[in-house]
Amino acid sequence: MKQVLAQAFPSPQLQSPYKKARYPAFARTRSKSTSIGTTTSPSLRAQQTRAAGTTGICREAKEATAKPVISAHSSSGSYPVNYYKNKMVVIDRYIAGTFFASLLGLLLLCIFRFNDKQRKATIKGSNATLKTTSSTRGDYSPDTGSGTDVIVVGAGVAGSALAYTLGKDGRRVHVIERDLTEPDRIVGELLQPGGYLKLVELGLEDCVEDIDAQRVLGYALFKDGKNTRLSYPLENFHSDVAGRSFHNGRFIQKMREKAATLDNVRFEQGIVTSLLKENGTIKGVVYKTKDGQELKAYAPLTFVCDGCFSNLRRSLCNPKVDMPSCFVGLVLENCDLPFANHGHVILADPSPILFYPISSTEVRCLVDVPGQKVPSIANGELAKYLKTMVAPQIPPELQDSFISAIDRGNVRTMPNRSMPADPHPTPGALLMGDAFNMRHPLTGGGMTVALSDIVVLRDLLKPLSNLRDAHSLAKYLESFYTLRKPVASTINTLAGALYRVFSASPDQARKEMRQACFDYLSLGGVYSTGPVALISGLNPRPLSLVLHFFSVAIYGVGRLLLPFPSPKRLWIGVRLILSASGIIFPIIKAEGVRQMFFPASVPAVYRVRAPPVD
């Protein structure tokens, strides 16, 4: 090729005459740079005529008397036009070859793209088939990858809802639960309106039907013989949207039954004893069946949802569990609450007391007892404490039913736990529910957080048809910990802050803060709807929480300084602000300031835009 080009272009000076001979119009416009007609000397014109005559085949030479002969000059002499035409034939051959080579490359590219589309269509078809086929029973092999896609440890609210959600999306789900009989608990009985909306979003709203669940429309707050009613801001929602209160066990059984209707979801009673870990990746679980047989189950992804008493969380997070108090639970029968379809919060001494309906004939009472221990039930100390210390502080219309419930002897206790989410991102496994994150149950926000987390997780996993690349999936799912923050951190922070504010204290600044909170909520309008929207999960905005919290503190300072400030009142006001800061800022720090207020600055969020390729 180089030799041909060298023959075609003996020197750089030949390029310009080639262009002119090829394009005559160009030659005419640039006549000064070529030897044409009158622009050449007589001797040069004669030389051109002799050169043209020697060729004998050039049309320009035959018409030399009519048109000037075009020639080029180089160090080797003049070259007629036919010289370049002959050389151009060689060049045109290579142009044609290049054209056909390009055409062949384009054809191959089209074939490759067609094959890629066929492959994707095959994968999509296999996924569609997956959604309608049942899961394989028995043990599962990590080598063949058959059997199941997801293992769910625990079948409480989080586990059952997660199993149904993933099963509905076509995943093969294996749920392992310690006890599949109906649970009997004294917490997890109030679902806030925000949680009900998440239930609707997951397609589980019918699980609150046929269990005698009661609609909850807001709260009633009691302090020192005064009360105020705080309604949920439900004006812009469908009439069915409200809180729900029920027996926790009935609700969980309905969710389990609905998840079990899916062919690709199966439940098995067993105790998971450990996670199967290989080279830093969770491959599955080891569990004991109901008859004591030890088995192994393998899956690309394992969700640990075994509740607040989880024995598996230590390998997946930093469990900083705090137990600020205990609940003493009773059931009041055949009594009417002062405000129907409302939860009741009594700001008692030393800590709050809760009442809310759990059926058409039953009212749940939860008495908060600070500390990690309660008075002994066996020797009657607890009954005495409830009758002498608690009963006088509850509304008079509830006292008789309260005493009767104590006398029936069905008194139960439950420790209240708080644990901020502090996970170890681990390939192959993820924590969910109370095993992952807990807050004080005063505001009834636990189920709302769990259901919200499942919605976030569902949306993250939906575009993925293959979960077997554990390390890529783990990096992708790190965004889950940030995307869940707006709802989870707001409810967690509010629950911890309100418990501290509502609890009695000998500190004068804390007393003023407690009174200021009651009075602030009693103002109505935005002063009540704003905080209640936060509690209900209808407006989970961390900034709104901080603004309302410090508005209460500033309102408390204003109460102290009006009408006549004094140095003592001014000092109490300063301590009130400091006390408010000391309550909320440690909780925010534990939740994560960056993830809570600036989630867009967390790099993991941007991995959502690029899910791992199968």
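Residues numbered from 1 in each chain as written. Predicted model: local features only at pLDDT ≥ 70, side-chain atom pairs only at ≥ 80, totals over all residues. Heavy atoms only, no water.

## Some details on the overall build of the chain
Reasoning step 1: Scanning the chain for helices and strands turns up 20 helices and 19 strands.
Reasoning step 2: Sorting the 614 residues of the chain into buried and exposed places 49% on the buried side.
Reasoning step 3: Put simply, of all contacts in the chain between residues at least 6 apart along the chain, 72% involve residues at least 24 apart.
Reasoning step 4: Accessible surface for the chain amounts to roughly 29,800 Å². Of this, 56% is attributable to carbon and sulfur atoms. (Helix = DSSP H or I, 4+ residues; strand = E, 2+ residues; numbered from the N terminus. Buried < 20%, exposed > 50% of the residue type's maximum accessible area, 1.4 Å probe, protein only. Contact = heavy atoms within 4.5 Å. Areas by Shrake-Rupley, 256 points an atom, 1.4 Å probe, with all protein chains shown as cover.)

## Describing the sheet that holds strand E19 (residues 429-431)
Reasoning step 1: Strand order in the open sheet made by the seven strands is E12-E11-E10-E4-E3-E13-E19, with mixed pairing throughout. Two strands lie at the open edges of the sheet, namely strand E12 (294-298) and E19, each paired on one side alone. For this sheet, the mean angle separating the axes of adjacent strands, direction not counted, is 35°.
Reasoning step 2: Strand direction decides the pairing type here: strand E11 (residues 281-289) and E12, joined by five bridges, are antiparallel. If you follow Lys288 over to E12, its bridge partner there is Glu294.
Reasoning step 3: The sheet strands contacting helix H7 (residues 157-168) are strand E3 (150-153), strand E4 (173-177), strand E10 (265-278) and strand E13 (301-304), and the helix crosses E4 at an angle near 170°.
Reasoning step 4: Those strands touched by helix H9 (residues 248-260) are E4 and E10, and its axis lies near 90° from that of E10. (Pairing = 2+ DSSP bridges. Axes fitted to C-alpha atoms, helices over the stretch in contact; angles between N-to-C directions.)

## A few points about the state of the cysteines
Reasoning step 1: The tally for this structure, following the rule as stated, stands at zero disulfides.
Reasoning step 2: Sulfur of Cys365: no disulfide; nearest cysteine sulfur belongs to Cys335 and is 9.5 Å away.
Reasoning step 3: You can call Cys365 buried: its relative accessible area is 0%. (Disulfide = S-S within 2.5 Å.)

## Notes on the packing of helix H16 (residues 508-522) against helix H19 (residues 567-591)
Reasoning step 1: The geometry of H16 relative to H19 is characterised by a closest axis approach of 8 Å and an angle of 75° between their N-to-C directions. When the axis of H16 is compared with that of H19, the two are roughly perpendicular. The segment H16 lies against H19, with Gln508, Ala509, Arg510, Glu512 and Met513 engaging Ile572, Arg575, Leu576, Ser579, Ala580 and Ile583.
Reasoning step 2: When its residues are assigned to classes, the contact of H16 with H19 shows six nonpolar, two polar and three charged. (Parallel < 35°, antiparallel > 145°, perpendicular 65-115°, else oblique. Nonpolar A, V, L, I, M, F, W, Y, C, P; charged D, E, K, R; others polar.)

## Looking at the side chain of Arg364
Reasoning step 1: With respect to the helices and strands, Arg364 occurs in strand E17 (residues 362-370).
Reasoning step 2: On the basis of relative accessible area, Arg364 is assigned to the buried category, the value being 5%.
Reasoning step 3: Not counting chain neighbours up to four residues away, the residues in contact with Arg364 comprise Arg185, Ile186, Glu189, Gly329, Leu330, Val331, Leu354, Phe355, Tyr356 and Ile358.

## Digging into the packing of helix H18 (residues 542-561) against H19
Reasoning step 1: Relative to each other, H18 and H19 sit at 165°, their axes nearing to 8 Å. With respect to each other, H18 and H19 are oriented roughly antiparallel. The way H18 lies across H19 gives a crossing that is right-handed. In this structure, H18 uses Val546, Phe549, Phe550, Ala553, Ile554, Gly556, Val557, Arg559, Leu560 and Leu561 to contact H19, whose residues at the interface are Arg569, Leu570, Ile572, Gly573, Leu576, Ile577, Ala580, Ser581, Ile583, Ile584, Phe585 and Ile588.
Reasoning step 2: Partitioned by chemical class, the residues of the contact of H18 with H19 number 17 nonpolar, three polar and two charged. (Left-handed = near helix turned anticlockwise from the far one by under 90°.)

## As for H9
Reasoning step 1: Taking 1.5 Å per residue as the helical rise, H9 with its 13 residues ought to reach 18 Å, and the 18 Å between its terminal C-alpha atoms agrees with that figure.
Reasoning step 2: Within H9, the full set of buried residues consists of Asn248, Gly249, Phe251, Ile252, Gln253, Met255, Arg256, Lys258 and Ala259.
Reasoning step 3: For H9, the elements touching its buried residues are H7, E4, helix H8 (193-201), E10 and helix H12 (446-461). (Expected span 1.5 Å × (residues − 1).)

## Points about the pairing of E4
Reasoning step 1: Among the five residues that make up E4, five are buried, leaving the element largely enclosed by the rest of the structure.
Reasoning step 2: The alternating pattern of E4 places Val173, Val175 and Glu177 and His174 and Ile176 on opposite faces, both of which are buried.
Reasoning step 3: Regarding the hand of the β-α-β motif, the stretch spanning E3, H7 and E4 is right-handed.
Reasoning step 4: Note: E4 against E10, five bridges, orientation parallel. From the neighbouring strand, Glu177 faces E10, where its bridge partner is Gln269. (Right-handed = clockwise from strand over helix to strand, strands pointing away.)

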